[in-house]
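Working through the structure, step by step
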Amino acid sequence: MCNKQYRYILIYLIFSVFLSATVLKAQNSKIFNIKEYGAIPNDGIDDSHSFIKALNECRKNPGATLIIPPGNYNYRNDKALEYEYKAISGQYGEDVQGYFFKPNGEYVIALDLDRFNNITIEAEGATLIQEGWYETISITNANNVTIKGLRLVHKRAPFTEGKIVRSTSTYFDMKIDT
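Residues numbered from 1 in each chain as written. Predicted model: local features only at pLDDT ≥ 70, side-chain atom pairs only at ≥ 80, totals over all residues. Heavy atoms only, no water.

Focus: the overall build of the protein
Counted only if it meets this: Under the scheme used here, helices are H or I runs from DSSP no shorter than 4 residues and strands are E runs no shorter than 2 residues, and both carry numbers assigned from the N terminus. Only protein chains enter the calculation, and the probe is 1.4 Å; a residue is then buried if its accessible area is under 20% of its type maximum, exposed if over 50%, and partly exposed in between. Note that accessible areas follow from Shrake-Rupley with a 1.4 Å probe, and for residues the cover is restricted to the protein chains shown.
Helices and strands together make up the secondary structure of the protein, namely 4 helices and 11 strands. For the protein, the proportion of its 178 residues judged to be buried stands at 30%. Surface exposure of the protein reaches about 12100 Å², of which carbon and sulfur atoms provide 54%.

Things to note about the pattern of salt bridges
To keep things clear, this is the line we draw: For this analysis, a salt bridge means a side-chain nitrogen from Lys or Arg found within 4 Å of a carboxyl oxygen belonging to Asp or Glu.
Summed over the entire model, instances satisfying the criterion amount to 9 salt bridges. The closest approach of N and O atoms between Glu-122 and Lys-148, which form a salt bridge, is 3.3 Å. Highlighted residues: Glu-122 in strand E5 (residues 117-122) and Lys-148 in strand E8 (residues 143-148), separated in sequence by 26 residues. Residue classification places Glu-122 among the partly exposed residues on the basis of a relative accessible area of 26%. Note that Glu-131 and Lys-155 form a salt bridge whose closest N and O atoms lie 3.9 Å from each other. With Glu-131 in strand E6 (residues 126-131) and Lys-155 in the loop between strand E9 (151-154) and strand E10 (163-167), this residue pair connects regions lying 24 residues apart in the sequence.

A few points about the packing of aromatic side chains
Aromatic ring pairs: the centre-centre distance and the angle between the two ring planes describe each pair. Applicable threshold: Pairing of aromatic rings covers Phe, Tyr and the six-membered ring of Trp, with a centre-to-centre limit of 6.5 Å; geometry is then stacked below 30 degrees between planes, edge-to-face above 60, and tilted otherwise.
One pass over the structure, following the stated rule, counts 4 aromatic pairs. Between the aromatic rings of Phe-32 and Tyr-37, the centroid separation amounts to 6.4 Å while the plane-to-plane angle is 55°, which identifies the pairing as tilted. Each member of the pair Phe-32 and Tyr-37 is classed as buried. Ring geometry for Phe-51 against Tyr-75: centres 6.2 Å apart, planes inclined by 65°, an arrangement best described as edge-to-face. Here Phe-51 is found in helix H2 (residues 48-60), whereas its partner Tyr-75 is found in strand E3 (residues 71-76), with 24 residues between them in sequence. Note on accessibility: Phe-51 and Tyr-75 belong to one class, buried. One aromatic cluster is present, built from ring pairs that chain together Phe-51, Tyr-73, Tyr-75 and Tyr-134.

These figures capture arrangement, not role.
Okay, structure coming up:
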């Protein structure tokens, strides 16, 4: 009989510690809303500075949640636009990927999640419209990063489509819709 009582007491204590830790974690978790940092969905105006500020706050607050309400958010960076222009105009040569995609290569990171710990990004119904060429999301030196629902698109697709209207064995003419 005595062993049974000790077992119930032990189970009660373990459950109490687990419940207390869960409640304490929930109380210490901060919730940030991208709108509090100036982002306005569907206005067509650059929201990149709002994302940078909000993500920096999340980095300082392990366990935080960043809320990105539904809508379209624009992300624009002059350096990323320059890279896009130079790549499309042939200034990087034929091996554009070889130029950019290497350790310490030149590129812009849109959502830099370096050193994030226990972060959740809730973005159901949100779309990030990128202008320029980016490494869209970079997760390095991080633990337990969750991104839910965020849709990523390019304002100008990172490729070109067209219709070949004339060709020979040495060249072709292509019509590109702009």
